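Given next are the chains, with one letter for each unit.
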Amino acid sequence: MEKIKNALKDNKLYIFLLITLLFFGSFIRMEFATDTYNVFGTPAKEIISHFLLSGRMVTALWYAIVKFMHMGNLAIYLSSFAIAIISCTLSLYKLYKIIKLDIKSDIISIILSTAIIINPFSIELFLFLEKGIMFFAILMCICAVEQFIKFLQRKDTKKSIILSILFMLIAVFSYQGVLAIFIALSCIYIIKHSKKIKDFIINNVFMFLCYGIPAVINFVTVRFLFTNERVSGSIYLSESISKVFDGIKDMLDTYTILPKNLFLILSVVTLLIVITTAIKQKNYKLILGTIYITILTTIMTILPIAMQDTASIWFVPRSSYPFASILGLFILTGLINEKDNNTKFKNIIEILFTIILIVLLSVQFVRFNKITIDHYNLNYMDKVNALKIGEKIREYEEKTGTKVRKICIYQDKEITYTYQDIFSVGDINISGFATDWSIVPLINYFNNINLETTEVNEELKKYFSNKNWNSFSEEQIKIEGDTIHFCKF
């Protein structure tokens, strides 16, 4: 309680709250991803089962609680938004407190914490209904890092390792895509606290135990208590390798979230500054440490994605979140492991790092706003088109007296995944009309109806497959008897 009281009195906590709201406050208004329509249109038991099958027990528990409390869709959304804002704020604050132990400057500690937690890939976490639990997973990883550092400092080692494993266990059962941030940050402090090669090896073993034990528990739980295609599907090596290499290329270019090559250029410049500084100081430990962090962060981001069955390999920002922190990790590594006592030189390096971080966060803020505005525009266009379909159904029912109860979904020559001039990449800003799992729940949600899917008409299937619509058209709708036939575009 004393720690909580002190934190609430610390103005830095409220600075981080303002930063979080600056980047993500716009999402207080209800928004929809394709998965959101599916969640709202599917019985709660099925959604809870889906989260359990994915090994996300904390998410399943949250959804079970909000449904047990009979919360409406808006209330469910707002509860997740609140958890996300609080979790992001606390993650920033806790990381700042960790960093501040080694970096005297408040300003650079605040900016650096922000660049690591609110990295270029973090925007996608806010585009899902379960955003709160996703960011809660990040918070648990930071708590695990805090405990692991205590272990490295040899402060109550047994308790620190147990707590670190416990926090990582909660994180892995919340959202697996962010776990490597624990490895990335722990590496930096292993370099700092390992005086000998033996210490370095032992510390790495314990780090991987903290990461690996929860991951194995999660895998075993999903594999043997439930069934999940991501851990039981087929693996075609050559195809998997091809998908991984393509995914890495997209990841290096931040999936076009930032301007082309900007992140790569800033990261390389930062890395050169760190290496140059280390050479000047003859600090070979820092050079080797930077290489070690780069390799391990990259591998531990890619490995969980690459180890899935071939069909499930899908590189997107949310699943490769830890890699986007690498620029901030380079700077943190350089600042806490440098040996130069020259104050003037230190100040120059800190100014250079600060400029790089400000450039990154400024561009990132602008791009996040673009994505957010386009996201709400996309939602609006989906709603308008869904209401047009509902209007056609009502006109038909009034004219014929027949109640439309069923729906068939067809596909034209080429699916358009979003609307013109909308920024879209991976799963970001995909139209609800583009995916099989969202289209019927989308139409039902905005028209307050309950259409059920039924088998397609083969003649209409041939007819629609020869068409190619790039936007909504009444020609995509045909109603016969109690069934509406709709071709997605």
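All of these numbers come straight from a predicted model, not from anything done at the bench. (Residues numbered from 1 in each chain as written. Predicted model: local features only at pLDDT ≥ 70, side-chain atom pairs only at ≥ 80, totals over all residues. Heavy atoms only, no water.)

**Looking at the overall build of the protein chain**
Item 1. Within the protein chain one finds 20 helices and four strands.
Item 2. Here the C-alpha atoms of the protein chain give a radius of gyration of 25 Å, agreeing with the 23 Å that 2.2 N^0.38 yields for 489 residues.
Item 3. Its C-alpha atoms give the protein chain principal-axis dimensions of about 85 × 50 × 45 Å.
Item 4. In the protein chain, buried positions account for 53% of the 489 residues.
Item 5. Put simply, of all contacts in the protein chain between residues at least 6 apart along the chain, 79% involve residues at least 24 apart.
Item 6. Across the protein chain, the mean location of the 50 positive side-chain charges is 12 Å away from that of the 40 negative side-chain charges. (Helix = DSSP H or I, 4+ residues; strand = E, 2+ residues; numbered from the N terminus. Rg over C-alpha atoms; globule rule 2.2 N^0.38 Å. Buried < 20%, exposed > 50% of the residue type's maximum accessible area, 1.4 Å probe, protein only. Contact = heavy atoms within 4.5 Å. Lys, Arg positive; Asp, Glu negative; His and termini not counted. Charge placed at Lys NZ, Arg CZ, Asp CG, Glu CD.)

**Description of the packing of aromatic side chains**
Item 1. Applying the stated rule across the entire model yields 28 aromatic pairs.
Item 2. Measuring from centroid to centroid gives 6.0 Å for Y37 and F446, while their planes differ by 65 degrees, and the two rings are edge-to-face. Of the two residues, Y37 sits in helix α3 (residues 34–40) while F446 sits in helix α19 (residues 436–447), which places them 409 residues apart along the sequence.
Item 3. On the basis of relative accessibility, which here comes to 2%, the residue Y37 falls in the buried class.
Item 4. With a relative accessible area of 16%, F446 lands in the buried category.
Item 5. Consider the rings of Y410 and F464, whose centres lie 5.1 Å apart with planes at 45 degrees: the pair is tilted. (Phe/Tyr/Trp six-rings, centres within 6.5 Å; stacked < 30°, edge-to-face > 60°.)

**With respect to the sheet that holds strand β3 (residues 477–480)**
Item 1. Strand order in this open sheet of four strands is β2-β1-β4-β3, and the pairing throughout is mixed. The outermost strands of the open sheet, each flanked by one partner alone, are β2 (452–453) and β3.
Item 2. Strand direction decides the pairing type here: strand β1 (residues 406–411) and β2, joined by two bridges, are parallel. Across the sheet, residue I407 finds its bridge partner in β2, namely T453.
Item 3. Contacting β3 and β4 (483–488), helix α18 (residues 343–400) runs over the sheet at an angle of about 30 degrees to β3. (Pairing = 2+ DSSP bridges. Axes fitted to C-alpha atoms, helices over the stretch in contact; angles between N-to-C directions.)

**Structural notes on a nonpolar patch on the surface**
Item 1. There is a patch of nonpolar side chains on the surface, built from M1, I4, L8, Y14, L17 and L21 and spanning about 590 Å² of accessible area.
Item 2. Going through the elements one at a time, α1 (2–9) and α2 (11–24) are the ones with two or more residues in the nonpolar patch.
Item 3. No other element matches α2, which puts three residues into the nonpolar patch.
Item 4. Here L21 is to be found in helix α2.
Item 5. According to the relative accessible area criterion, L21 is partly exposed, its value standing at 37%. (Patch = residues over 30% accessible without salt bridge, like charges linked within 9 Å, V, L, I, M, F, W, Y side chains within 5 Å. Areas by Shrake-Rupley, 256 points an atom, 1.4 Å probe, with all protein chains shown as cover. Salt bridge = Lys/Arg side-chain N within 4 Å of Asp/Glu carboxyl O.)

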